[in-house]
There are 2 protein chains.
Amino acid sequence: MNDAIREDGLPRTVTVVGVGLLGGSVALAARRGGARVVGVDRDAELLARARQRGVLDAATTSLREGAAAADLVVVCTPVDVIAEQVLAAASLCKAGAILTDVGSTKATIVAALRGRLPSGVAYLGSHPLAGSEKQGLEHARADLFEGRCVVVTPESDTSAGVVNSVVAFWSALGAETTILDPESHDRIVALTSHLPHLVSSALAGVLPADFVGLTATGFRDATRLAGGDPKLWGAIFEANTPFLLEALASFNSRLARFQEALHRGDRGAIEELLREGKAARDGLSPPFA
Amino acid sequence: MNDAIREDGLPRTVTVVGVGLLGGSVALAARRGGARVVGVDRDAELLARARQRGVLDAATTSLREGAAAADLVVVCTPVDVIAEQVLAAASLCKAGAILTDVGSTKATIVAALRGRLPSGVAYLGSHPLAGSEKQGLEHARADLFEGRCVVVTPESDTSAGVVNSVVAFWSALGAETTILDPESHDRIVALTSHLPHLVSSALAGVLPADFVGLTATGFRDATRLAGGDPKLWGAIFEANTPFLLEALASFNSRLARFQEALHRGDRGAIEELLREGKAARDGLSPPFA
């Protein structure tokens, strides 16, 4: 792929598979940077809207056509279909092409691909910590990745050249990249992303309809994530079940400490738990603009 | 108090006890409406800053002085000292004065005051569902209550005239009032406000320091409440322990349903739980501007 990478880190032709929030945003950002972007989606109407909005240079419902043109393929579909689509695209790519994805979990994808990719092409997983409970092309933005963390997850045998290319790609889109092995990535995001989603959903789920009038901004903030797409998140939870259960167990034991302190009326212990939570929360850097 | 109420619902003189975020905001809003506002706080420097900022018409560290001037006293101190301050102020007020507060729980305050107020004055609890994890006078705003819900919690023997006066006061500050008995109020806010705070704190509390770099807006939103003052919230949790434990039990059983569905790899059940959470979240009206 080396001669197909421009000096700014962007490949000449980027093919985006799945033109939703993330795929559309990758396309907008890569086009803004000067890459040619081909969009692949099974939904022809969506592709027409994307072309109309200036998201894509070319659009096709044919993975064959899209993959053949690509220096870099970015698979932006739900996490439970990424591996099969990477495999399908890989068999259609030209030699030297690189494939990546934007899935929220990495270990199951890497395991599904191990030893099955044709020679001459390479896969390296990515996970942009960007996104929203608002899905769909209409929310795509060229600046979605600016200043955001993108985790890149090489295996021990991934070549340095491939890592550099994928890192350069995300950097060209304005992101900060972090390199982690797939399992470490999955363990961490189980706690920083998947557990908050589960907790937010469970909190929303216990609200009786007649209490809605007495919710304020606190309840709304704490349950914002619950508005996400149940199918997408069901797939993420399934792909990351062991680490998510680990994170949930850790959360449960902290809830139990609150519960015990409340039961015995131990105000000091309650305040100590709240102080620890506040210290952790205050330790997060200020939210991005 | 009738001849001391102006046509717009504001008493002539409002005394605010405790000039923090809520007290300062009550003062700013009441002053903007044309009331004379006296601030009482044990912190003379805070009072000087409040005077300088135009939050108060008069300021005193003497509850006696502040209470004597008042048509309406609004006690804006932490929930565990409200009852004693209402009692102290009540004994110093002129006949016909009304006392209220802004505490997040109501039943323990009402119980502490029952049968102990001097004749000629009346107490009626209020709880504005406004506020922030940002405490202190510097965050006080004249528009903090605009469009927000304020719950007013009469007992069976509270006179209609007192209810009308307190409702008219909050309406003049731009709030929408809701009337509930103290226990119903406490049961509902245990779920809509105190449980989200506990959950947000517990979530922040399980984040290892070296995972901070992989948090995104989702984790930040879900833990925003955890930044609140541990002393204030410790007092609220203590005052509302039975209902908070009830809310926590309901939340725990929903978490257990997630856990079981994950354990048995039941994607359909997981998606159903997520769908129910999304439906509840989507059922909240859009957040206030």
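What counts as what
Here the residue numbering is sequential within each chain, running from 1 through the sequence in written order. Chain letters start at A and ligand numbers start at 1, both assigned in the order the entries are written. Local features in this predicted model are restricted to residues of pLDDT 70 or higher, and side-chain atom pairs are both shown and tallied only at a pLDDT of 80 or more, whereas totals for entire chains, interfaces and linings draw on every residue. Hydrogen atoms and water are omitted, and side-chain values are computed over all heavy atoms in the structure. To qualify as a helix, a DSSP run of H or I must reach at least 4 residues; to qualify as a strand, a run of E must reach at least 2; elements of each kind are numbered from the N terminus. We compute the radius of gyration from the C-alpha atoms alone; for a globule the expected value is 2.2 Å times N to the 0.38, where N is the number of residues. Here a residue-residue contact requires only that any non-hydrogen atoms of the pair lie within 4.5 Å. In these tables, accessible area is a Shrake-Rupley quantity obtained with a 1.4 Å probe, and a residue counts as shielded only by the protein chains included in the view. Note that His is not counted, nor are the chain ends; the positive residues are Lys and Arg, and the negative ones are Asp and Glu. All charge positions are set by atom: Lys at NZ, Arg at CZ, Asp at CG, Glu at CD. The atoms used to superpose the copies are C-alpha atoms, taken from residues with pLDDT of at least 70 in both, and the fit is least squares. Defined here as a combined quantity, buried area equals the accessible surface (1.4 Å probe) lost by two parts on assembly, summed across both. Just to be clear on terms, a salt bridge is a Lys or Arg side-chain nitrogen sitting within 4 Å of an Asp or Glu carboxyl oxygen. Polar contacts, as used here, are pairs of N or O atoms within 3.5 Å; protein pairs need one atom able to donate a hydrogen and one able to accept it. Residues neighboring in sequence count only if both atoms are side-chain atoms. Amino acids outside the nonpolar list (Ala, Val, Leu, Ile, Met, Phe, Trp, Tyr, Cys, Pro) and the charged list (Asp, Glu, Lys, Arg) are all regarded as polar, and Gly is one of them. Lines fitted to C-alpha atoms define the axes, with helix axes restricted to the stretch in contact, and inter-axis angles between N-to-C directions lie between 0 and 180 degrees. Roughly parallel refers to an angle under 35 degrees, roughly antiparallel to one over 145, roughly perpendicular to one between 65 and 115, and oblique to any angle outside these ranges. Whether a crossing is left-handed or right-handed is set by the direction in which the near helix is turned from the far one by less than a right angle, anticlockwise for left-handed and clockwise for right-handed. Remark: exposure states derive from per-residue accessible area (1.4 Å probe, protein chains only) relative to the maximum for the residue type, with buried under 20%, exposed over 50%, and partly exposed in between. When DSSP finds two or more bridges between two strands, those strands count as paired. The handedness of a crossover follows from its direction of travel: if, with the strands pointing away from the viewer, the path from the first strand over the helix to the second runs clockwise, the crossover is right-handed. In this analysis a 1.4 Å probe is tested at points of a 1 Å grid over the protein atoms alone, and where it fits but cannot get out there is a cavity; an open set with protein on both sides within 12 Å along at least five of seven lines is a pocket; lining residues have an atom within 4 Å of a point. Grid points are joined across faces, edges and corners, and a volume is the space filled by probe spheres set on the points.

S.K.: Explain the overall build of chain A here, please?
M.R.: Broken down by element type, chain A carries 11 helices and 9 strands. Relative to its length of 289 residues, chain A is compact, with a C-alpha radius of gyration of 21 Å against a globular reference of 19 Å. Expressed along its principal axes, the backbone C-alpha trace of chain A runs to roughly 70 × 40 × 30 Å. Sequence-distant contacts, at least 24 apart, represent 68% of the contacts inside chain A between residues at least 6 apart. Here chain A has roughly 11,200 Å² of accessible surface; of this, 50% comes from carbon and sulfur atoms. Distance between charge centres in chain A, computed from 28 positive and 33 negative side chains, equals 3 Å.

S.K.: Help me understand the relation of the copies chain B and chain A, please; the structure alone is not making it clear to me.
M.R.: Here the two chain copies are tied together by a rotation about an axis and a shift along that axis. Its rotation angle being 180°, the transformation that places chain B on chain A also includes 0.0 Å of axial translation and leaves an RMSD of 0.0 Å. Taken together, these values place the two copies in the relation of a two-fold axis. By C-alpha distance to the rotation axis, the residue of chain B lying nearest is B:Ala222, at 2.2 Å. Of the residues that chain B buries at the interface, 100% are likewise interface residues in chain A, meaning the two copies contact each other through the same surface.

S.K.: Hey, could you run me through the interface of chain B and chain A in this one?
M.R.: Much of the literature gives interface size as the accessible area that the parts lose upon coming together. Each partner contributes to the interface: chain B provides 80 residues, whereas chain A provides 80 residues. Together, the buried faces of chain B and chain A total about 7,300 Å²; carbon and sulfur atoms form 70% of this surface. If you look at where chain B meets chain A, you find 8 salt bridges. Residues A:Arg224 and B:Asp221 are paired through a salt bridge, measuring 2.2 Å at the closest nitrogen-oxygen approach. There are 18 residue pairs in polar contact (both at pLDDT 80 or more) connecting chain B and chain A. Listed by contribution, the elements that provide at least two residues to the side of chain B that touches chain A are strand E8 (149–153), helix H7 (182–205), helix H8 (217–222), helix H9 (230–239), helix H10 (241–263) and helix H11 (267–282) of chain B. Here the side of chain B that touches chain A takes 15 residues from H7(B), the largest share from any one element. Split by residue class, the side of chain B that touches chain A holds 44 nonpolar, 21 polar and 15 charged.

S.K.: Any chance you could explain the packing of helix H10 (residues 241–263) of chain A against H7(B) here in plain terms?
M.R.: Between two packed helices, the angle of one axis relative to the other and the distance separating the axes together describe the packing. Packing of H10(A) against H7(B) brings their axes to within 9 Å, and their N-to-C directions diverge by 130°. It follows that H10(A) is oblique to H7(B) by the angle criterion. Judged by the sense of rotation from one axis to the other, the crossing of H10(A) with H7(B) is right-handed. Side by side, H10(A) and H7(B) meet where A:Phe251, A:Arg254, A:Leu255, A:Phe258 and A:Leu262 of the first sit next to B:Leu198, B:Val199, B:Ser201, B:Ala202, B:Leu203 and B:Gly205 of the second.

S.K.: Looking at this structure, I do not really get the pairing of strand E2 (residues 36–40) of chain B. What am I missing?
M.R.: When a strand is regular, its side chains alternate between the sheet's two faces. All names here are of chain B. The buried fraction of E2 is high, at 4 of 5 residues. In this sheet, E2 lies alongside strand E1 (residues 13–17) in parallel orientation, the contact comprising 5 bridges. Looking at the pairing, Val-14 lines up with Val-37 of E2. As a crossover connection, the stretch from E1 through helix H1 (residues 21–32) into E2 is right-handed. Pairing between E2 and strand E3 (residues 58–60): 3 bridges, direction parallel. Looking at E3, one finds that Val-40 is bridged to Thr-60.

S.K.: Can you help me understand empty space enclosed by the protein in this one?
M.R.: By rolling a water-sized probe across the atoms, one finds the places where empty space is left. For the structure on display, the rule yields 1 cavity of 30 Å³ or more. There is about 40 Å³ of room inside the largest cavity. The wall of the largest cavity is formed by A:Pro196, A:Val199, A:Ser200, A:Leu203, A:Ala222, B:Pro196, B:Val199, B:Ser200, B:Leu203 and B:Ala222. Those elements that provide at least two residues to the lining of the largest cavity are helix H7 (182–205) of chain A together with H7 of chain B. When grouped by side-chain class, the residues that make up the lining of the largest cavity number 8 nonpolar, 2 polar and no charged.

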